[in-house]
Amino acid sequence: MKTILLLQQLEKYPLFTFNEFVRLTRKSATYCRTRVYRLKKQKLIFEIEKGKYTVHDDPLIFSSHILSPSYISFWTALRYYNLTEQLPLPVMVASPRSKKNISFRHTTIVFYKTKHVWGYTKTRYGLFDIFMADAEKSIIDCLLSNTVPFAEIVKAISSPEIDVEKLQAYALKTKNNSLIKRIGYLLEQRAYNAEKLQAYLDYNYVPLDPSGRKKGQKHKKWRILDNT
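Conventions and cut-offs
- Residues numbered from 1 in each chain as written.
- Predicted model: local features only at pLDDT ≥ 70, side-chain atom pairs only at ≥ 80, totals over all residues.
- Heavy atoms only, no water.
- Pairing = 2+ DSSP bridges.
- Helix = DSSP H or I, 4+ residues; strand = E, 2+ residues; numbered from the N terminus.
- Salt bridge = Lys/Arg side-chain N within 4 Å of Asp/Glu carboxyl O.
- Buried < 20%, exposed > 50% of the residue type's maximum accessible area, 1.4 Å probe, protein only.
- Contact = heavy atoms within 4.5 Å.
- Core = buried A, V, L, I, M, F, W, Y, C linked by side-chain atoms within 4.5 Å.
- Phe/Tyr/Trp six-rings, centres within 6.5 Å; stacked < 30°, edge-to-face > 60°.
- Lys NZ or Arg CZ within 6 Å of the ring centre and 35° of its normal.

Caption draft 1: A look at the sheet that holds strand β2 (residues 46–49). What the three strands build is an open sheet, ordered β1-β3-β2; its pairing is antiparallel. Only two strands of the sheet have a single neighbouring strand rather than two, namely β1 (16–17) and β2. In this structure, β2 lies alongside strand β3 (residues 52–54), joined through three bridges in antiparallel fashion. Across the sheet, F46 pairs through a bridge with T54, a residue of β3.

Caption draft 2: Main features of the pattern of salt bridges. Under the criterion given, the structure shown has 13 salt bridges. For E49, the salt bridge is made with K99, and the minimal N-O distance between the two is 2.8 Å. Of this pair, E49 sits in strand β2 while K99 sits in the loop between β5 (91–95) and β6 (102–104), placing them 50 residues apart in sequence. Overall, E49 belongs to the buried group, its relative accessible area being 19%. Linked by salt bridges that have partners in common, E49, K52 and K99 make up one network.

Caption draft 3: Spatial organisation of the environment of L167. The topology assignment puts L167 in helix α8 (residues 164–174). L167 sits in the buried class, given a relative accessible area of 0%. Separated by 42 residues in the primary sequence, L167 and Y125 place their C-alpha atoms 24 Å from one another. When near neighbours in sequence (up to four residues on either side) are disregarded, L167 contacts E136, I139, I140, I157, I162, I183 and L187.

Caption draft 4: Layout of the nonpolar core. In terms of nonpolar packing, the biggest core is built from 38 residues, with L78, I139, I153, I157, L167 and I183 touching the most fellow members. Taken together, the elements giving at least two residues each to this core come down to α5 (74–80), β5, α6 (135–145), α7 (150–157), α8 and α9 (177–189). When residues in this core are grouped by element, the largest group, six residues, is from α9.

Caption draft 5: Quick look at unusual backbone geometry. Omega for the peptide link from S68 to P69 comes to 0 degrees, which places this bond in the cis form. Within the secondary structure layout, P69 lies in the loop between α4 (59–62) and β4 (71–72). Here the phi dihedral of F74 falls at roughly 60 degrees; this positive angle occurs in a residue that is not glycine. Mapping F74 onto the fold places it in helix α5. The exposure class of F74 is buried, given its relative accessible area of 3%. Its identity is not glycine, yet A191 carries a phi of approximately 70 degrees, on the positive side. Take A191: it is sitting in the loop between α9 and β10 (206–207). For A191, a relative accessible area of 72% corresponds to the exposed category.

Caption draft 6: Quick peek at the environment of P69. Among the residues examined, P69 registers a relative accessible area of 34% and is labelled partly exposed. With residues near it in sequence (within four places) discarded, P69 still touches A94, S95, P96 and Y120.

Caption draft 7: Up close: the sheet that holds strand β12 (residues 224–226). Here three strands make up an open sheet; going across it, the order is β10-β12-β11 and the pairing mixed. Edge positions in the sheet fall to β10 and β11 (217–219), since each has one partner strand and no second. Bridging between β10 and β12 involves two bridges; their strand directions are parallel. Bridge pairing in β12 places V206 opposite I224.

Caption draft 8: Here's a closer look at the packing of aromatic side chains. Evaluation of the coordinates by the stated rule reveals nine aromatic pairs. A ring pair is formed by F46 and F104, whose centres lie 6.1 Å apart and whose planes are at 85 degrees; its orientation type is edge-to-face. With F46 in strand β2 and F104 in strand β6, the pair connects residues that are 58 residues apart, well separated along the chain. Using a relative accessible area of 2% as the deciding quantity, one classes F104 as buried. Seen in terms of ring centroids, F74 and Y112 are 4.8 Å apart; in terms of plane orientation they differ by 55 degrees. Their pairing is tilted. Within this pair, whereas F74 is found in helix α5, its partner Y112 is found in strand β7 (residues 107–113), the two being separated by 38 residues in sequence. One aromatic cluster is present, formed by F16, F21 and Y53 through successive ring pairs. Geometry around Y31 places K27 over its ring, the cationic atom sitting 5.6 Å from the centre.

Right, here's the structure in full:
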């Protein structure tokens, strides 16, 4: 198969494996190894990791296809939904499985292990389907992982684009008392009714910003130490 035709076929995949390359070209594995090597050297295809390749230089296209199941979330998703003005450098991916980070050209793809693999959808991104947390789940993931500056999470929760009922339902689904307290307190500070979260509180105080100091003004209703 001529190189131009081959690349046109490969462009249809967010990523492809070596075995898929063999099936597509209908050539021997030995031939394909040589062909892949030459295409890489010409920078016509890029190696994501051993045995996985792409012709695309935008990691959002393929990051949620490297590991299955997985989905893009955290700061990357906040930016996707315009819930932050910051431009996070890594692409942040959630999965129930552990995986080493991947350096792809000028970007790092970071994988975070989580047991909360829900609240994401198949989303159309350009010509491809990718797996992306919805806006509310991206906030939940940020709070669970402590991977995003707390001020950015507060901004996201304050956005009129956020479905407050869904955010509360997601908070309850985690069964994480500390997260429920933080969500309830932040929503109430913004004049939202978060009474449904109160039934799930315990008597321990937690810092509002989990990465901050363990001191602050006590708020008895939500058992929060406002350390911001």
